[in-house]
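Below, each chain spelled out in residue letters.
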Amino acid sequence: MSAPTTASGSAGRIAAEARSVPAAPSAPSAPYALTTRAPQVPAERLVAEMVPPPRFATVSFDNYITDPGQPSQAEAVEALRGFAGRLGGGADAKGGRRRHWFRREARPAVDGGPRGIYLDGGYGVGKTHLLASLWHTTPAAPELKAFGTFVELTNLVGALGFQQTVKTLSGHRLLCIDEFELDDPGDTVLVSTLLGKLVEAGVALAATSNTLPGKLGEGRFAAADFLREIQGLSAHFRALRIDGQDYRHRGLPAAPPPYADEIVVQAAHRTPGASLDDFPALLDHLSRVHPSRYGAMCDGVQAVCLTGVAPVPDQSTALRLVVLADRLYDREVPVLASGVPFDRLFSEEMLSGGYRKKYFRAISRLTALARDAKELAEASYSR
């Protein structure tokens with residue numbers, strides 16, 4: 001699937017090219033193996049891909065379905081509409097030649113308050129949908145807006161260096177950060193400093209997370225030792241709470257159980273563009289590939305088939321699997337698997353620890369992708 005059709009200008013074209021995938025072959029062929037892929041991703045691609053992922057290419061506030069029983073959802077939509085409208089517009093914002101509107105002088109905070117908005121809520125309540133809708137709605141050219149996960153943002157700093165990242169993003173009108181989490185002290189100091197620089201340059205911020213900004217880092221490291229940085233981050237945002245149930249499972253049948261190995265293998269060989277990997281081998285491979293490359297590792301893959309799914313052995317591996325699950329979900333790649341169900345991937349200790357919200361999100365997303373893969377298995381059964 002290509003980049004958002006709303007993109008225009010040079011950044012939009014680069015993003016579309018970077019996110020394009022090879023056309024599926026006309027007939028089934030030998031499946032890919034993700035374990036053979038270790039792509040090198042240039043910094044230019046990391047910047048170009050800072051647009052909403054394909055799953056959210058056409059979302060809008062209008063097609064966000066609110067739950068009448070959860071008024072906070074409708075309230076969040078209206079707050080975000082107003083936030084987008086107050087970020088400026090006019091001919092310049094739509095990519096005209098006159099660019100003085102976007103000079104890097106500091107711009108006043110929205111309504112005199114924090115120059116950021118923060119969507120807090122459980123997984124599956126549509127926070128990413130709303131964040132992408134804000135990106136699409138904000139009246140600025142695509143190259144003046146950036147959208148990425150927290151991990152992608154820290155990866156960008158790693159690729160470009162801190163000063164170049166500040167320079168690259170300071171001319172933007174809006175920076176959207178999805179899945180905002182602080183997993184270690186280094187990230188806390190890095191992101192606090194980066195966002196402070198960007199706010200000084202007049203960049204508006206929007207973020208989503210399952211954790212209120214004042215609670216970031218809690219349960220992961222000695223957050224009290226970095227209270228100043230955490231409080232500094234919190235000061236940039238106005239928090240909006242979004243309540244509700246996981247939309248991926250509202251009124252839907254249960255995810256299909258894992259299949260037999262032979263069904264998964266058959267489906268991989270008969271599905272154009274499918275990959276086929278042994279799950280433990282894939283986990284081992286993830287440990288040798290930087291998470292910033294997981295998206296590129298999935299280029300051209302139309303379905304992921306996994307045999308021997310088993311509980312993840314340690315937290316480092318589990319966090320890498322979370323990133324892969326996010327990239328597959330962004331690209332709407334169905335996942336067909338044998339072994340244990342996805343709700344048994346993570347131990348009870350992991351599900352009760354500081355990263356529990358990441359793990360529950362991964363379970364939710366993998367379950368949705370497993371449901372999408374059901375027809376691939378049924379096609380194998382019918383042969």
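Residues numbered from 1 in each chain as written. Predicted model: local features only at pLDDT ≥ 70, side-chain atom pairs only at ≥ 80, totals over all residues. Heavy atoms only, no water.

### A look at the pairing of strand E2 (residues 145-149)
(1) Moving on: Counted residue by residue, E2 has 5 buried out of 5 residues, so it is predominantly covered.
(2) Moving on: The two faces of E2 match: Lys 145, Phe 147 and Thr 149 on one face and Ala 146 and Gly 148 on the other face are all buried.
(3) Moving on: As defined by bridge partners, E2 adjoins strand E3 (residues 174-178) across 5 bridges and the pair is classed as parallel. Directly across from Gly 148, in E3, lies its bridge partner Ile 177. (Buried < 20%, exposed > 50% of the residue type's maximum accessible area, 1.4 Å probe, protein only. Helix = DSSP H or I, 4+ residues; strand = E, 2+ residues; numbered from the N terminus. Pairing = 2+ DSSP bridges.)

### Some thoughts on the pattern of salt bridges
(1) Moving on: Applying the stated criterion across every chain, the model contains 13 salt bridges.
(2) Moving on: Arg 241 is the partner of Asp 120 in a salt bridge, and the nearest nitrogen-oxygen pair spans 2.6 Å. Here Arg 241 lies in strand E5 (residues 238-242) and Asp 120 lies in strand E1 (residues 116-121), a separation of 121 residues in the sequence.
(3) Moving on: Classification of Asp 120 by relative accessible area gives buried; the value is 3%.
(4) Moving on: Ionic pairing is found between Asp 326 and Arg 361, a salt bridge with its closest N-O pair at 2.7 Å. (Salt bridge = Lys/Arg side-chain N within 4 Å of Asp/Glu carboxyl O.)

### A look at unusual backbone geometry
Excluding glycine, a negative phi dihedral is what most residues carry, and trans is how most peptide bonds are arranged.
(1) Moving on: The backbone of Glu 332 shows a phi angle near 60°, a positive value even though the residue is not glycine.
(2) Moving on: As for its position among the elements, Glu 332 is in the loop between helix H12 (315-330) and strand E8 (335-339).

### Structural notes on the nonpolar core
(1) Moving on: Leu 130, Leu 134, Leu 324, Leu 345 and Phe 346 are the most contacted members of the largest nonpolar core, which has 66 residues in total.
(2) Moving on: Broken down by element, this core gets its largest block of residues, 8 residues, from H12.
(3) Moving on: Residues in contact with Leu 130, not counting those within four places in the same chain, are Phe 61, Tyr 64, Ala 76, Val 77, Leu 80, Leu 119 and Ile 242.
(4) Moving on: Formed by 23 residues, the second largest nonpolar core is a distinct cluster that contains Ala 146, Leu 194, Leu 198 and Ala 207. (Core = buried A, V, L, I, M, F, W, Y, C linked by side-chain atoms within 4.5 Å. Contact = heavy atoms within 4.5 Å.)

### Some thoughts on the environment of Phe 360
(1) Moving on: Its place among the elements puts Phe 360 in helix H14 (residues 356-372).
(2) Moving on: Between the C-alpha atom of Phe 360 and that of Gly 122, which follows or precedes it by 238 residues, the distance is 9.6 Å.

### Focus on the sheet that holds E5
(1) Moving on: An order of E2-E3-E4-E1-E5 is seen for the 5 strands of this open sheet, with the pairing classed as parallel. Because the sheet does not close on itself, it has two edges, and the strands there are E2 and E5. Taking each pair of neighbouring strands and ignoring which way they run, the sheet shows an average axis angle of 15°.
(2) Moving on: Along the sheet face, helix H3 (residues 71-85) touches E1, E3, strand E4 (204-209) and E5 and points at about 145° away from the line of E5. (Axes fitted to C-alpha atoms, helices over the stretch in contact; angles between N-to-C directions.)

### Some thoughts on the packing of aromatic side chains
(1) Moving on: Here the structure, examined in full by the defined rule, presents 1 aromatic pair.
(2) Moving on: Here Phe 346 and Tyr 359 contribute two aromatic rings whose centre-to-centre distance is 4.6 Å and whose plane-to-plane angle is 20°, an arrangement assigned as stacked. Pair noted here: Phe 346 is in the loop between E8 and helix H13 (348-351) and Tyr 359 is in helix H14, with a separation of 13 residues, a long-range link.
(3) Moving on: Relative accessible area serves as the criterion here: at 4%, Phe 346 is assigned to the buried category. (Phe/Tyr/Trp six-rings, centres within 6.5 Å; stacked < 30°, edge-to-face > 60°.)

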